[in-house]
Amino acid sequence: MAAYVIFIRESMTDPDAFALYGPMSREARGDHAITPLAFYGNLEVLEGAPAEGVVVLQFPSMEAAHAWYDSPAYQAAKAQRMKGADYRVLLVEGV
């Protein structure tokens, strides 16, 4: 069953540090089956806290999403992302 990783950027704290995240996250993709469904497109918050940007990634399963997220390459990218911005990240199983 498909699973989705949802990144919600709440605020940018250090654009220079964040700029290093992009190349690292692309490198971390490796052979993982990732389908980007939304990538910082136009955003309208209908309820809840404001957000600066949203990314939605589709994976074949929860296990596949964890294999990518927990990989050493993405964990290194994540550390860089956290230096540059505040995020909420969710993993949700599809129907």
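Quantities reported herein were computed from a predicted structural model and do not represent experimental measurements.

Visitor: Help me understand helix 2 (residues 21-29), please; the structure alone is not making it clear to me.
Guide: Along helix 2, the positions that sit buried rather than exposed are Y21, G22, S25 and A28. Along the axis of helix 2, the buried positions cluster into a sector of 125°, meaning they face one direction only. Of the exposed residues in helix 2, those oriented more than 90 degrees away from the buried face are R26 and E27. At its buried positions, helix 2 is contacted by strand 1 (3-12), helix 1 (15-19), helix 3 (62-69) and helix 4 (72-84). In the segment just after helix 2, G30 is the residue with positive phi, at about 50°.

Visitor: Looking at this structure, how should I read helix 3?
Guide: Note: α-helices contain 3.6 residues per turn, so residues at a spacing of three or four share the same orientation. Buried within helix 3 we find A65, W68 and Y69. Around the axis of helix 3, the buried residues are gathered within 95° of arc, so they sit on the same side. Considering only its buried residues, helix 3 is in contact with strand 1, helix 2, strand 3 (53-59), helix 4 and strand 4 (85-93).

Visitor: Just to check I follow, could you spell out the packing of aromatic side chains for this structure?
Guide: Given two aromatic rings, one states the distance between the centres and the angle between the planes to describe the pair. Considering all chains together, one arrives at 11 aromatic pairs under this definition. In this structure, R81 packs its charged tip against the face of Y87, placed 4.9 Å from the ring centre.

Visitor: Before we go on, may I ask you to explain the layout of surface pockets in this structure?
Guide: Empty space among the atoms becomes apparent when a probe as large as a water molecule is rolled across them. Here the largest pocket is characterised by a volume of approximately 370 Å³. If you trace the largest pocket, you find 17 residues lining it, with Y21, S25, R26, F39 and L57 closest to the centre. Contributing elements (two or more residues each) for the lining of the largest pocket: helix 2, strand 2 (35-39), strand 3 and helix 4. Ranked by the residues each element gives to the lining of the largest pocket, the list is headed by helix 2, at 5 residues. Here the residues of the lining of the largest pocket sort into 12 nonpolar, 2 polar and 3 charged.

Cut-offs and rules
Note on numbering: residues in each chain are counted from 1, in written sequence order. Selection of residues for local features in this predicted model requires a pLDDT of at least 70, selection of side-chain atom pairs for listing and counting requires 80 or more, and totals for whole chains, interfaces and linings are taken over all residues. Each side-chain value is worked out from all heavy atoms of the structure, with water and hydrogens disregarded. Here the term buried applies to any residue with accessible area under 20% of the maximum for its type, exposed to any over 50%, and partly exposed to those in between, with areas from a 1.4 Å probe on protein chains only. Put simply, DSSP marks the helices as runs of H or I at least four residues long and the strands as runs of E at least two long, and each gets a number from the N terminus on. In this description, the arc belongs to the directions extending from the helix axis to the C-beta atoms. Only heavy atoms matter for contacts: two residues are in contact if any of them lie within 4.5 Å across the pair. Pairing of aromatic rings covers Phe, Tyr and Trp, the last through its six-membered ring, and needs centres within 6.5 Å; plane angles under 30 degrees mean stacked, over 60 mean edge-to-face, and all others mean tilted. Charge-over-ring placement is defined geometrically: NZ (Lys) or CZ (Arg) within 6 Å of the ring centre, and within 35 degrees of the ring normal. Two kinds of site are reported from a 1 Å grid over the protein atoms alone, namely cavities, where a 1.4 Å probe fits but cannot get out, and pockets, open sets with protein on both sides within 12 Å along at least five of seven lines, and residues are called lining when an atom falls within 4 Å of a point. Grid points are joined across faces, edges and corners, and a volume is the space filled by probe spheres set on the points. For this scheme, ten residues count as nonpolar: Ala, Val, Leu, Ile, Met, Phe, Trp, Tyr, Cys and Pro. Four count as charged, namely Asp, Glu, Lys and Arg, and the remainder, Gly too, count as polar.

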